[in-house]
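Chain and residue survey
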Amino acid sequence: MSKSAVVPVTRKPAETLPTKTKNAAATDAEVQTDPTLSAPPPKSTVPLDFSFKYAVQFTDFTAEEPRPQMPGNRLPPTNSAGVCDTSSIKLNNNQLAELTGIMDILQKKLVEPMRLSWIDISFNALTTIDPLWSEFENLKVLYLHGNGIEQIAGVAHLQRLAALQSLTLHGNPVDQEKGYRFYVLTTLPRLKNLDFSVVTKADRVTATHWSKCLSKDFKKKHESKTDDD
C-alpha cells in the first residue's frame, strides 16, 4: 500500500498593523511643538511649603527654604539643579496682597510650574480673584479662604480651569453675599467640593433653580459693582 503524498501547507504571512496613523502622527507633532505636553508630570505631590514665612510679596520667597512635611520631615524631590519637582505648593499664612511676581518665583522653585494641581494660598491679604489663576490649567485644588476677597464676580476667572474640583472661599467678605454658594456652583458646575463641603445632588438642583430664578439680578448687581470700582 503506497503512502499518501504530504501536501505542504502554505501559510499566509501575518498582517502587520501600521505603527502610526495619520492622527497619531499629528498628535506627536503637537507634542514636539508644545513643551507643556511633552514634559513628564511632576514626580511628587509632597507640597513645596512656604507657609508662615511672613512674605509680603513673592520675591520674599527667593532666599527662603521650604518647610519639611510631617511625618518624616519630607521634602519634594529635586532635579540635578536643585529645583523641586512637585505638583503642590503651600503659600498660606503670609501677607500676600496680589499675585505680582508669582510666575517668576514659581519658575525658579519648580521644574514644571504650569503643572501645579494643588495650591494653598489661604490666610493672606488677597482682595480679588486674579485672572492669572486661569493660566494654571492643571489646577484641581485652590484654597483661597481667609483672605479679603470682596467681589464675587471674580469667580468667573476660574471658569477656564476645567480640572478644578475643590475650591475654598469661606472667610472672605464674598461668603456673606446672599446666594453666594449657588452663584459659585452655577459659575463652576464641575466643582465637587466647595469650602470643604461636598457638593451634593441637592446642591446642584438648588443651584440650577436659583440660576433660573435669581441669577440675572445677582449678576447684574455684582457686575455693576465691579464696574463702579
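Attention in this report is confined to the structure presented alongside it.

Rules and cut-offs
Residues numbered from 1 in each chain as written. Predicted model: local features only at pLDDT ≥ 70, side-chain atom pairs only at ≥ 80, totals over all residues. Heavy atoms only, no water. Helix = DSSP H or I, 4+ residues; strand = E, 2+ residues; numbered from the N terminus. Buried < 20%, exposed > 50% of the residue type's maximum accessible area, 1.4 Å probe, protein only. Contact = heavy atoms within 4.5 Å. Areas by Shrake-Rupley, 256 points an atom, 1.4 Å probe, with all protein chains shown as cover. Polar contact = N/O pair within 3.5 Å; in protein donor to acceptor, adjacent residues only side chain to side chain. Phe/Tyr/Trp six-rings, centres within 6.5 Å; stacked < 30°, edge-to-face > 60°. Arc of directions from axis to C-beta.

1. Section: the overall build of the protein
Within the protein, the regular secondary structure consists of six helices and seven strands. Taking all 229 residues of the protein together, 39% fall into the buried category. Within the protein, contacts between residues at least 6 apart in sequence are counted, and of these 65% link residues at least 24 apart. When the accessible area of the protein is evaluated, it comes to approximately 14200 Å², of which 54% is carbon and sulfur surface.

2. Here we look at the environment of N138
Along the polypeptide, N138 turns up in the loop between β3 (118-120) and β4 (141-143). Taking the C-alpha atoms as reference points, N138 and M114, 24 residues apart in sequence, are found 7.3 Å from one another. Within polar-contact distance, the side chain of N138 engages the backbone oxygen of M114 at 3.1 Å.

3. Observations concerning the packing of aromatic side chains
All told, the structure shown has five aromatic pairs when counted by the stated rule. Judged by centre distance (6.0 Å) and plane angle (45°), the ring pair of W133 and F136 falls under tilted. The pair formed by W133 and F136 is uniform in burial state, with each residue classed as buried.

4. A few points about helix α3 (residues 102-109)
Every buried residue belonging to α3 is among I102, I105, L106 and K109, and all of these are buried. Relative to the axis of α3, the buried residues are bounded by an arc of 100° and lie together on one face. Exposed side chains of α3 directed beyond 90 degrees from the buried face belong to Q107 and K108.

5. Section: the side chain of N147
When you line up the elements, N147 lands in the loop between β4 and β5 (166-168). A residue is classified by how much of its surface remains accessible, and N147, at 8% relative accessible area, is buried. Within the structure, the side chain of N147 is placed 3.2 Å from the backbone nitrogen of A125, a separation counted as a polar contact. Leaving out residues up to four positions away in the same chain, N147 has contacts with I121, S122, F123, N124, A125, L126, G171, N172 and P173.

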